[in-house]
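An overview of the molecular structure
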Amino acid sequence: MNTSNKLKNLHLLWRASFGPTTEQLGDLTRLTPQKYYKTLVKASEKEPAFISVADDALIKAYEDLQDPEKRKEYSEMQRREVNRMQLAAIRQLNLRWFKEMVTTQAQLREKMAFFWHCHFACRNNNVFYNQLLLHVFRQYSLSDFGTLLKEVSKSAAMLYFLNNQQNRKGRPNENFARELMELFTLGRGHYTEKDVKEAARAFTGWTADRQGAFAFKKSLHDMGKKTVLGQTGNYTGDDILDILLNHKQTARFITRKIYTFFVNDNVDENIVNQLAEQFYNSGYNIAALMETIFTSDWFYNPQNIGTKIKSPIELLAGIQRMIPMQLDNDNALLNLQRILGQQLLYPPNVAGWPGGKSWIDSSTLMMRLRIPQMFYDKDELNVSPKQDDDIMMGRKADGTAAVPTPVRKPYGAINAKINWAKYTAQYNKIKREMVLDTIASNLFQTDASKVKNVVAKNIDTSSREAFIKTATIQLMSTPEYQMC
Amino acid sequence: MLIKRKEFLQIGSLATASMMLPKFLKAFESPALVPPGNKVVVVLQLSGGNDGLNTIIPVRNDIYYKLRPTLGVKREKTLKLTDEASLHPALTALKELYDEGHMAILNNVGYPNPDRSHFRSMDIWHSASQSDQYWNTGWIGRYLDAQCSGCDKPTYALEVDDVLSLALKGSQANAIAVKDPKRLYGTANEKFFREVLKNHKDHHDEEPVEYLYKTMAQTLSSADYIFKQSRLHPTNASYPKTELGNGFKTIASLIYSDINTKVYYISLGSFDTHVGQDAQQTRLFTQMSDAIKAFTADLKKNNRFEDVLLFTFSEFGRRVAQNASNGTDHGTANNMFLISGGLKQKGILNDLPDLTDLNEGDLKFKIDFKSVYATILRRWLNADADKILGAHYDMLDFI
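Computed from a prediction, not measured in an experiment: that's the story for all the values here.

On to the overall build of chain A, then. Scanning chain A from terminus to terminus reveals 22 helices and eight strands. Counting only C-alpha atoms and orienting by the principal axes, one finds that chain A spans roughly 75 × 55 × 40 Å. For chain A, the proportion of contacts with a sequence separation of at least 24, taken over those separated by at least 6, is 73%.

So this is what it looks like as structure tokens:
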């Protein structure tokens, strides 16, 4: 079967980036995917700029609260207000990063950062910690896993999320060590409870200061001998990370996760084993691993094309990349993320999002199908999304877990100004009778003839522009468009 | 009769019911709306690992107070159940239910080789697997499979939430997650969707798009059904304006209707109180108590309380000793509340936790939660418990 360059490149763009933009549609037939991938790599070479959303008022209030004298001047009410400002800022951070995903040229870097954000699932109600961790994901997304692991393990966000600031000599808190092994490196079944207990001792004293910088409190550190995964020594936290990295299982576990995220939910064990070997032997070089994946022939096999269900973020970002729009209601986008089951910076628990079919049930499917229409019309988002469900591991700034608040009505009108001119211009040279087919071939990676028939009956044919608009919106409002 | 959707929604519920189903005019005259014997289960999941020892407090146990010097609830503050045991002060509605004989309490419910990871232990409770097994279906989902082979309305089980839990995912069928029947109905009735669905003939496309179409078909037919049922005889009782209150209100309205739903599922959280436990647990318990009070009062008034079994569970309890942050860490066995007007056994059904016989600081379980499931499946829902649970578990006698 001869899969065209266009189809392969669309496939590449949906996996290695957040989907094609209108401008890219012209390129898709020209280049081979291997060459196209090189352009993606080049576009991601620059160092990412630090995303900072906290405004001066919040920065000042936060600094005041760190100072014992100034803190006294803040009433209980004022401190709660600062907490509210923090949460509002984190919502802004979500939107800023999402915007980056939609608009940046460095698509590969942001897509990898998104993967690592899903893998190292973390929640924290301090915007400064969140900003720092987000930058770690973006800065090291294509470097090596060892560096990334260390940076994440020493981030204030992760240390507090997994309660490691409470992990001290004589009174260990195992949470951090446990999730590190279970979810971030080895995976279940490759360590014992004893390993967790011993490793926890090595991480005692690991905490972060209120600026978010890593701090090692020597007085809290258990300096004794620990035995972890068959090795004994007076290990520190760094030593444990090295031990975990030296274990080939870590390479297998991470590679497998990368495969299911970027290639197919059904794992080809042979391929994963080969990739894991390469990953391990290269010193966990992420860029090299991704290059192998995205330029191998097997990646473009039909069974891998159009067979993944888009995650909510991929769906939303993909729509906006194809039909660029301005949303004047931030709440609406956040609510959509929440309703579809994936809110950036707010994983449901430390295991992250299971993905695949779990994105789809009665309510999420219907919402996905309605979203393009909601962007098109000036439509009411007539849903009341769940309050931050903060189950399992959520923490407020003071360490207490969140409690549901009385239900408000966070309705928001979605008022999207779509830049249609730019989009429809792409079809200027296409003959009228070919327009529908062309749009479909730009939006789908699998056979969509059935939905094309339905759309053909419902399109607004009053003008060429109306034709293109309604065809696009309707084609996006289908189960087929959920696939990539 | 052709009613445009907008008009339908604008008409008041009373008029609608009378227009569509005149026979129910009669129902408004008498309190018994649905024939008794239509048994229903309501599962209230306490997410995050609720601290059972501060829920049912062993007020005469010195060990409890010694290991919880600041977190132990003082006897004077608690709500007395027996000489040995009291309720957390915020659970006033449960105290009333206990006094009325409408509540049973099971202590030390858990499972062998307990897991202290949230999602793992929750998966174990949802799937009813052993702790070293990984099942991707839930016990209620498999009940649904048994009730609903090939049916187009998998509404035998409903989750009042936006996201469907593992507990309600079967191998052939998924239950419907619906927080608001009206909203789901509105969405499902767009002409375009109906056409897209109609135009799709299956087994030409591969999974998983097929999975999406199947879900779509079930959703559309279920949405109609659920919405119509929810308008049949909605409750007019007053419920607290919390997420939980609204959820119970929706459940009550559906119970009074003709819907085929046998199991409702709803959650409250987070009870994960590693830090500063008291304030948080109290806040949550207040919400829980208020919602249950409204719900049970409503059911009693409408003569359905005998047919409804409400039970609570959490994925684990917490450690006996408090930690250094005025909270508690993940533990093991926990208690369960069983609330109904149709209980066979009432009160505290088994011994309080033995704090002299701990497993490295954690409670030992005495009752496997799967026996509780088995009892409910067999006796309340008339289902093949052994098949659904994948093994035989002895039943208890509370129903």
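The subject of this paragraph is the packing of helix α20 (residues 432-443) of chain A against helix α22 (residues 464-476) of chain A. All names here are of chain A. Put simply, α20 and α22 touch, their axes get as near as 10 Å, and they point 40 degrees apart. The angle between α20 and α22 falls in the class oblique. Crossing geometry of α20 relative to α22 is assigned as right-handed. Here Val 435, Leu 436, Ile 439, Ala 440 and Leu 443 of α20 lie close against α22, whose contacting residues are Phe 467, Ile 468, Ala 471, Thr 472, Leu 475 and Met 476. Residue composition of the contact of α20 with α22, grouped by class: ten nonpolar, one polar and no charged.

Before going further, it helps to examine the nonpolar core. Here is a general trend for soluble globular proteins: nonpolar side chains tend to be buried in one another's company. In terms of nonpolar packing, the biggest core is built from 249 residues, with Ile 140, Ala 157, Tyr 265 and Leu 338 of chain B touching the most fellow members. When residues in this core are grouped by element, the largest group, nine residues, is from helix α9 (residues 209-230) of chain B. Taken domain by domain, this core gets at least three of its residues from each of domain 1 (162-264 + 266-304) and domain 2 (420-484) of chain A.

Attention now moves to the domain arrangement of chain A. One can read the domain layout of chain A as domain 1 (162-264 + 266-304) and domain 2 (420-484). The C-alpha centroid of domain 2 of chain A is placed 45 Å from the C-alpha centroid of domain 1 of chain A.

On the chain A side, the residues contacting the 49 residues of chain B number 49 residues. Those elements that provide at least two residues to the side of chain B that touches chain A are α5 (118-127), β7 (176-177), α7 (181-188), α8 (191-198), α9, α10 (243-255) and α11 (277-301) of chain B. Examining the composition of the side of chain B that touches chain A, we find that nine residues originate from one element, α9 of chain B, more than from any other. Looking at the side of chain B that touches chain A residue by residue, the classes come out as 21 nonpolar, 21 polar and seven charged.

Calculation criteria
- Residues numbered from 1 in each chain as written.
- Chains lettered and ligands numbered in written order.
- Predicted model: local features only at pLDDT ≥ 70, side-chain atom pairs only at ≥ 80, totals over all residues.
- Helix = DSSP H or I, 4+ residues; strand = E, 2+ residues; numbered from the N terminus.
- Contact = placed C-beta atoms within 7 Å.
- Axes fitted to C-alpha atoms, helices over the stretch in contact; angles between N-to-C directions.
- Parallel < 35°, antiparallel > 145°, perpendicular 65-115°, else oblique.
- Left-handed = near helix turned anticlockwise from the far one by under 90°.
- Nonpolar A, V, L, I, M, F, W, Y, C, P; charged D, E, K, R; others polar.
- Core = buried A, V, L, I, M, F, W, Y, C linked by C-beta atoms within 7 Å.
- Buried ≥ 20, exposed ≤ 12 C-beta atoms within 10 Å, placed from the backbone.
- Domains from an automatic or database assignment.

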